[in-house]
Amino acid sequence: MRRVRKLLAVRYNKNTMNKYRETYSRVDIKECVFCHWEKYNPGTIIKENEDYILVPNTYPYIKDHLMVVIKEHVTHLLDEPFNEKKLELTKEAMRLLESLGIQSYVVIEREGQKAGKSVKHVHQHIIPVHEEHDITYNMAPMEHTINFQEQVETYKKLLGAK
Ligand SMILES: [Zn+2]
């Protein structure tokens with residue numbers, strides 16, 4: 001029988017949030033925390049390749065929250081070059097979670113402040129979803145009367161498709 005791990009959510013108390021703000025507010029363009037990962041989070045690189053590092057989120061939403069961070073200082077997702085080295089570490093992260101008995105997780109990348117991107121250096125989150133959580137709680141399909149055919153035509157036009 002599969003051993004069920006006791007999983008504890010990280011509690012965000014006042015001190016944690018203050019530490020978070022303190023860390024990120026003193027960061028300027030010359031001193032991006034993600035460009036200097038080792039300095040701010042010594043000994044926490046799980047794996048790396050030429051272009052990316054796989055690290056734990058040191059301000060995790062939940063235990064075993066991982067991140068894949070590009071080594072180069074790229075601020076916008078659109079400026080990130082296509083690179084299979086990223087996928088390599090994303091899959092390593094997934095394998096790691098699977099080997100911890102975690103079979104449900106979400107992979108997300110945020111762009112823009114409204115989307116919750118706090119550090120302006122491209123990074124990907126790999127976040128475990130545990131049994132006691134219901135990730136779908138606010139992701140129920142909306143009621144809609146969307147004409148998809150029309151939408152697709154608009155999308156194609158915007159992307160310059162013939
Ligand atoms: Zn950076």
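Structure: above.
Attention in this report is confined to the structure presented alongside it. Not measured: the values here are computed from a predicted model.

## What about the overall build of the chain?
When helices and strands are counted, the chain shows 4 helices and 5 strands. In sequence order, the chain lays out its α and β elements as α-α-β-β-β-α-β-β-α. Within the chain, buried positions represent 14% of all 162 residues. Sequence-distant contacts in the chain: of pairs separated by 6 or more residues, those separated by 24 or more amount to 58%.

## A short note on the pairing of strand β3 (residues 66-70)
Of all 5 residues that make up β3, 5 are buried, and the element is covered over most of its length. Going residue by residue along β3, you find L66, V68 and I70 tucked away on one face and M67 and V69 tucked away on the opposite face as well. As paired strands, strand β2 (residues 52-56) and β3 are joined by 5 bridges and run antiparallel to one another. Bridged to V55 within β3 is M67. Relative to strand β5 (residues 123-128), β3 runs antiparallel, the two sharing 4 bridges. Following the sheet pairing, M67 is matched in β5 by H125.

## Let's talk about helix α3 (residues 84-99)
In this model, α3 (16 residues) spans 23 Å end to end at C-alpha, consistent with the 22 Å of a helix rising 1.5 Å per residue. All buried positions along α3 are accounted for by K86, L89, A93 and L97. When α3 is viewed along its axis, its buried side chains cluster within an angular range of 85 degrees and face the same direction. Structural note: α3 exposes E84, K91, R95, E98 and S99 on the side pointing more than 90 degrees away from its buried face.

## Re the sheet that holds β3
With antiparallel pairing, the 5 strands of this open sheet are ordered in space as β1-β2-β3-β5-β4. At either margin of the open sheet sits one strand with a lone partner, and together these are β1 (47-48) and β4 (105-109).

## Digging into unusual backbone geometry
The phi dihedral of D64 is positive, around 70 degrees, even though this residue is not glycine. One can find D64 in the loop between β2 and β3.

## Examining the environment of H36
Topologically, H36 is positioned in the loop between α1 (14-25) and α2 (37-40). The exposure class assigned to H36 is exposed, which follows from the 12 C-beta atoms found within 10 Å. Linking H36 and K71, residues 35 residues apart in sequence, is a C-alpha distance of 9.2 Å.

## Overview of the nonpolar core
Looking at soluble globular proteins, one finds that nonpolar side chains tend to be buried together. Ranked by size, the top nonpolar core spans 18 residues in total, and within it L54, V68, V69 and A93 carry the most contacts. The contact partners of L54, leaving out residues within four places of it in the chain, are I46, K47, E48, L66, V68, L89, E92 and A93.

## Quick notes on the environment of N57
By the secondary structure assignment, N57 is in the loop between β2 and β3. For the pair N57 and I126, spaced 69 residues apart in the sequence, the C-alpha separation amounts to 9.2 Å. If we skip the residues at most four places from it in the chain, N57 touches H65, L66, M67 and H125.

## So, the pairing of β2
Along β2, 4 of the 5 residues are buried, which leaves the element largely enclosed by surrounding structure. Bridge count for β1 against β2 is 2 bridges, and the pairing is antiparallel. Along β2, the bridge assignment pairs K47 with L54. What sits between the antiparallel neighbours β1 and β2 is a turn of 3 residues.

## Regarding helix α4 (residues 148-158)
In terms of burial, α4 is a largely surface element, 0 of the 11 residues being buried. Two residues or fewer past α4, G160 is found with a positive phi of approximately 75 degrees.

So, how was this worked out
Residues numbered from 1 in each chain as written. Predicted model: local features only at pLDDT ≥ 70, side-chain atom pairs only at ≥ 80, totals over all residues. Helix = DSSP H or I, 4+ residues; strand = E, 2+ residues; numbered from the N terminus. Buried ≥ 20, exposed ≤ 12 C-beta atoms within 10 Å, placed from the backbone. Contact = placed C-beta atoms within 7 Å. Pairing = 2+ DSSP bridges. Expected span 1.5 Å × (residues − 1). Arc of directions from axis to C-beta. Core = buried A, V, L, I, M, F, W, Y, C linked by C-beta atoms within 7 Å.

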